[in-house]
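Spelled out from the first residue to the last, the chains are:
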Amino acid sequence: MARRTAFPTRGTVRPEGGGRAASGHAPPPVRQWPILLVLAIAAAGLITVAAGPFREGSLIVGGALLVGGVLRWTVPEVGMLAVRSRFTDIVTFGVLGLAIVLLALVAMPDPWLEVPFLEDAVHFSVR
């Protein structure tokens, strides 16, 4: 069986807002500042978790995702932060960021946020 030659993909459209965040003359880190900002905040959160205070670190990681959603919403060109359509990216960043923040707030011991029905739901599902 003969192998087919691989050709570069043509005709694919990058996501809306997926252009460079700075001019083409700027160095690569400057052109991709939105994703670098989100990754730096998330890395700070992971370092915080590794250092001990898991709740604060988790809040920082969730905040990084929320910052990504806000950047995707407000900045017209976000470079590699754009993965799908603007709406899909904003919803994904927002839902995941809020989920991580809420889980960090209700984490045991001594949750910072008391959800009245949560304990009943856990007891009902564990039985």
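Preceding this section is the structure that the text describes.
These notes cover the structure that comes with them. All values derive from a computational prediction rather than experimental measurement. Along each chain, residues carry numbers from 1 onward, in the same order as the chain's sequence is written. Local features in a predicted model are, by the rule used here, given only for residues with pLDDT of at least 70; side-chain atom pairs are given and counted only at 80 or more, and totals for whole chains, interfaces and linings are based on all residues. The side-chain numbers reported here are obtained from all heavy atoms of the structure, hydrogens and water having been left aside.

Some details on the pattern of salt bridges
The term salt bridge refers to a pairing of a side-chain nitrogen on Lys or Arg with a carboxyl oxygen on Asp or Glu at a separation within 4 Å. Scanning the entire structure with this criterion turns up one salt bridge. Measuring nitrogen to oxygen at the nearest pair gives 2.8 Å for the salt bridge that ties aspartate 89 to arginine 72. One end of the pair, aspartate 89, is in helix H4 (residues 86-106); the other, arginine 72, is in helix H3 (residues 54-74), and 17 residues separate them in sequence. Only protein chains enter the area calculation, which uses a 1.4 Å probe; residues under 20% of their type maximum are buried, those over 50% are exposed, and those in between are partly exposed. Taking relative accessible area as the criterion, aspartate 89 reaches 5% and is therefore assigned buried. Overall, arginine 72 belongs to the buried group, its relative accessible area being 0%. Secondary structure elements follow DSSP: runs of H or I no shorter than four residues count as helices, runs of E no shorter than two count as strands, and numbering proceeds from the N terminus.

As for the nonpolar core
When a protein is soluble and globular, its nonpolar side chains tend to lie buried together. The definition of a nonpolar core used throughout is a set of buried Ala, Val, Leu, Ile, Met, Phe, Trp, Tyr and Cys residues joined through side-chain atoms within 4.5 Å. In terms of nonpolar packing, the biggest core is built from eight residues, these being Val38, Leu65, Leu71, Val75, Val78, Leu81, Ala82 and Phe93. Residues within four places of leucine 71 in sequence aside, it is in contact with Trp33, Pro34, Leu37, Val38, Val78 and Leu81. Throughout, a contact is declared for two residues whenever any of their heavy atoms are within 4.5 Å.

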